[in-house]
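The chain contents come next:
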Amino acid sequence: MMLRALPRTPAPLGPGGAEVLRLITEQRVPVWLTVHANGRRRYGYWQPLSSGAGLGVSHVALPTDECDALQAAGRIVLGDPVVDPAKTTYPVRPAVPGAPPAAGTPRQTRQALSA
């Protein structure tokens with residue numbers, strides 16, 4: 001008898017993880033991971049302050065533990081990093097089943113190149 005690989009069923013998400021994955025999946029809400037020089041990691045996105053006038057934005061932080069768990073489970077992937085002296089910023093996208101993991105070379109900002 002020949003064994004075949006069964007598709008891996010992702011572990012169920014809790015309410016917090018499901019909400020984070022929903023936000024990351026929405027294309028209207030670009031999510032970023034910022035890794036500061038001291039190692040602190042912060043996931044977040046920018047949200048308009050007033051939807052009617054479209055004026056101003058506010059940064060909304062996402063729970064780092066939930067986002068790290070989604071990344072470890074292969075449900076989200078990081079895009080090409082942008083590096084400057086104080087931090088590295090990665091776009092966060094939902095994972096595409098069967099796609100190879102994103103592997104990019106860090107890009108440096110103009111300021112970092114001139115430093």
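Residues numbered from 1 in each chain as written. Predicted model: local features only at pLDDT ≥ 70, side-chain atom pairs only at ≥ 80, totals over all residues. Heavy atoms only, no water.

For the chain, per-residue confidence averages 77 on the pLDDT scale, and residues scoring 70 or more make up 67% of the total. Of the regions scoring below 50 in pLDDT, residues 1–7 engages in zero contacts with residues more than four places distant in sequence or in other chains. Between residues 103–115, whose pLDDT stays under 50, and residues either more than four places distant or in other chains, the model counts 19 contacts. (pLDDT = per-residue confidence, 0-100. Contact = heavy atoms within 4.5 Å.)

The next thing to look at is the environment of Thr89. Counting through the fold element by element, Thr89 comes out in strand E6 (residues 87–94). Note on Thr89: relative accessible area 17%, which makes it buried. Separated by 10 residues in the primary sequence, Thr89 and Gly79 have C-alpha atoms spaced 9.2 Å apart. When sequence neighbours within four positions are dropped, the list of residues in contact with Thr89 reads Trp32, Leu33, Thr34, Asp80, Pro81 and Val82. (Helix = DSSP H or I, 4+ residues; strand = E, 2+ residues; numbered from the N terminus. Buried < 20%, exposed > 50% of the residue type's maximum accessible area, 1.4 Å probe, protein only.)

What follows covers the side chain of Thr64. Examined against the element boundaries, Thr64 turns out to sit in helix H2 (residues 64–72). A relative accessible area of 18% places Thr64 in the buried class. Side-chain polar atoms of Thr64 contact the side chain of Arg42, separated by 3.5 Å. Residue contacts for Thr64: discarding those within four places in its chain leaves Arg41, Arg42 and Tyr43. (Polar contact = N/O pair within 3.5 Å; in protein donor to acceptor, adjacent residues only side chain to side chain.)

This paragraph deals with the environment of Lys87. With respect to the secondary-structure elements, Lys87 resides in strand E6. Put simply, Lys87 and Ala37 are 50 residues apart on the chain and 5.3 Å apart in space, counted from C-alpha to C-alpha. Those residues in contact with Lys87 that lie beyond four places of it in its chain are Thr34, Val35, His36, Ala37 and Val82.

It is worth spelling out the nonpolar core at this point. Formed by 15 residues in total, the largest nonpolar core has its most connected members in Val31, Tyr43, Leu62, Ile76 and Val92. Examining the composition of this core, we find that four residues originate from one element, helix H1 (residues 15–25), more than from any other. In contact with Tyr43, not counting residues within four places along its chain, are Trp32, Leu33, Val60, Ala61, Leu62, Thr64, Cys67, Asp68, Gln71, Ile76 and Val92. (Core = buried A, V, L, I, M, F, W, Y, C linked by side-chain atoms within 4.5 Å.)

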